[in-house]
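# Per-entry structural report
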Amino acid sequence: MPLIEVENIHKEYEDGKTTVHALRGIDLTIDAGEFTAIAGPSGSGKTTLLNLISGLDAVSAGNITLDSVDISSASARKLSQLRLEKIGFVFQAYNLVPVLTARENVEFTMLLQGVPSGERRKRSLDMLERVGLGEYADRKPTAMSGGQQQRVAVARAIVTHPRVVLADEPTANLDSETGSRLLDLMKRLNAEEDMTFVFSTHDPMVMDYSTRLVRLHDGKVKSDERK
Amino acid sequence: MSILFKMAWLNIWRNKRRAAILLCAMCAGLAGVIVLMGVTEGWIDEMLESAVRTQEGHVKIMGSGFNDNPVIENCMSTELLGKVYDRLDSDHRVAAWAERVVVQGLLSTPRHSRIISITGIDPSREKDVSIIRSAVVEGSFLSEDEPNRILIGQKLSDKLQKGLGKKAVLMSQQVGGELGSSAMRISGIFNTGNGSFDENTVFILKSDARQMLNLSNQVTETVVLLNDIDDSEAVAAELAPLAPQGVDILTWKQRLPFIVETLDMTNRYMIPFYAIFYIAMAFGIVNTLLMAIGERTHEIGVMLAIGMTRMRLVKIVMLESFFISLIAVVVGCAVGVGIVTWYGQHGIDLTAFASGLEYLGVGKILYLRISAAGVGWAAAATVAISLLFSIYPAAKAARLVPVEAIRTIG
């Protein structure tokens, strides 16, 4: 059953006096449990597509449905609630709140969901154990490496069991070994939790790890390949 | 501690130097407000205390009409005041009371004549209700054993060029319109620190005043000193039913409208000065929070993206401002109250301005005073201003568009 349905979406925005066509009629369906990479050169529209799927940005035309919720017509409040309950985010860098410890960062989304503090603490420690950072629970992001920070970000993204994790170039600031370990982790979670992952990337390693590779070029789907 | 509280607290210290500068400015501002209040309260207290302790007391019992028209015809008979005096003697709130005969008159020497206020006193009682006895700087206080003696102020003595042992003649109108006069010898010179009072008031024995004015048992006023000025209205209200017809009971507020008005006016006129301190604080808070939010734009974008509500974001920013104000309140109040306490004990030397101040009833040393209510008001205003002026930066943070904020690096 499709988890994400993207139907003929267009995205235009003004850049000074010119209109930029970031996406030009994208059609895409992503099923639950897929490990999908959306690849393409800079300016191809991959980050824009991720932003539209998450409701962070609004489409100019077309429809997006996430877990049967029509994102295109949802209010800002509903979109915020949708992101909190159904989507986990991993950004390129600077994902974490620097004044909070790793455990508190992982707890953060549960706090927003209203999970009681005892349960928050237990689940966040369990999740840090699962991503191999149990002993770093009380460290602040500034005392951790870039790879460790991204693993904390992954832990934060999945601790609430979202329907999909959207990761915008998660390995862009990591060396290849650290990036590989991060992808191993996400692949394992994908397999163990049947959790859906969608990446935007131009990193060949991410493309290799993915089970489906969607290539964008000039705001259009150039190829869609399942491995 | 809640994560949101912890975030707000730790956010303050991300840029320690900036936080320290803001806190120093706020603490200095709050301490400044408290010191300013201390000067104002000290000045008003000094003026009031001076008036109460030189002449006015807290409550006065007077013949009807004497307050508005202080002529000898408006004096009162003490025979009818038995119940009032019994009450004064038994009331624990009353520190002391004394009868006086106060009239306007003329003091003449071979070379000068001056219109002055002649105050006939009972020395044994007067020493407890006013500072006149302790204000005697030359010679001695009046004594019932030595009639026809007069105490004059230092300023009057200088102007008349008359010192101890010299003669002066007092004249004043008697009941019925006849002119009464008495020759007196200067037995003491006083200095209360209130130049106007010292220049225009002389003291003689009550019995001498009665003789000069052809009075039997009448007086013009009975002054009552209380242990606590705040009891003035209550004591006056309780004495009123005991007073005979033709006698008024007045509090210092009714007797000294100038001081009451000055007190009100001072409080009103000080508001712009306090406002300057608070406006400076407000700009500091807005500026600091805007800078902090600017530096955290990406982070705020991430938080909004993962589902944080805008209202929660507003709460965090306002909590930051609240915590800053709490620190400023604790430190600023400690510094401000410390300064006021020190100058409350040691005083500020105003000798350079003494000639002007003494006419306002203020001495050469100003002792700062501040009430707990004053400190509470200054502290509450600091917290309120901090919260009020954090709304704009908080709203600005809440209006950030997540997708644009995330693009901001850093």
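Residues numbered from 1 in each chain as written. Chains lettered and ligands numbered in written order. Predicted model: local features only at pLDDT ≥ 70, side-chain atom pairs only at ≥ 80, totals over all residues. Heavy atoms only, no water.

## Quick look at the interface of chain B and chain A
Across the boundary between the two partners, chain B contributes 22 residues, which contact 25 residues of chain A. When chain B packs against chain A, the two sides together hide about 2100 Å² of surface, and 70% of this comes from carbon and sulfur. On the chain B side of the contact with chain A, B:Ile3, B:Ile306 and B:Val403 bury the most area, a combined 30% of that side's loss. Along the contact surface separating chain B from chain A lie 1 salt bridge. We note a salt bridge from B:Lys6 to A:Glu104, for which the minimum N-O separation is 2.6 Å. (Contact = heavy atoms within 4.5 Å. Buried area = accessible area lost by both parts, 1.4 Å probe. Salt bridge = Lys/Arg side-chain N within 4 Å of Asp/Glu carboxyl O.)

## Details of the packing of aromatic side chains
All names here are of chain B. Taken as a whole and assessed by the stated rule, the structure comprises 15 aromatic pairs over all chains. Geometrically, the ring pair formed by Trp9 and Trp13 is edge-to-face, given 5.6 Å between the ring centres and 70° between the ring planes. What makes Trp9 partly exposed here is its relative accessible area of 30%. Consider the rings of Tyr85 and Trp97, whose centres lie 4.1 Å apart with planes at 25°: the pair is stacked. Taken as a pair, Tyr85 in helix H3 (residues 82-90) and Trp97 in strand E3 (residues 94-108) lie far apart in primary sequence, 12 residues in all. Here Tyr85 matches Trp97 in class, with each residue buried. Through pairs of rings, three or more aromatic residues link up here, namely Phe5, Trp9, Trp13, Phe322 and Phe323. (Phe/Tyr/Trp six-rings, centres within 6.5 Å; stacked < 30°, edge-to-face > 60°. Buried < 20%, exposed > 50% of the residue type's maximum accessible area, 1.4 Å probe, protein only. Helix = DSSP H or I, 4+ residues; strand = E, 2+ residues; numbered from the N terminus.)

## Brief notes about the state of the cysteines
All names here are of chain B. Enumeration over the complete set of coordinates arrives at 0 disulfides over all chains. With no disulfide of its own, Cys333 has Cys27 as its nearest cysteine by sulfur position, at a separation of 9.2 Å. Taking relative accessible area as the criterion, Cys333 reaches 12% and is therefore assigned buried. (Disulfide = S-S within 2.5 Å.)

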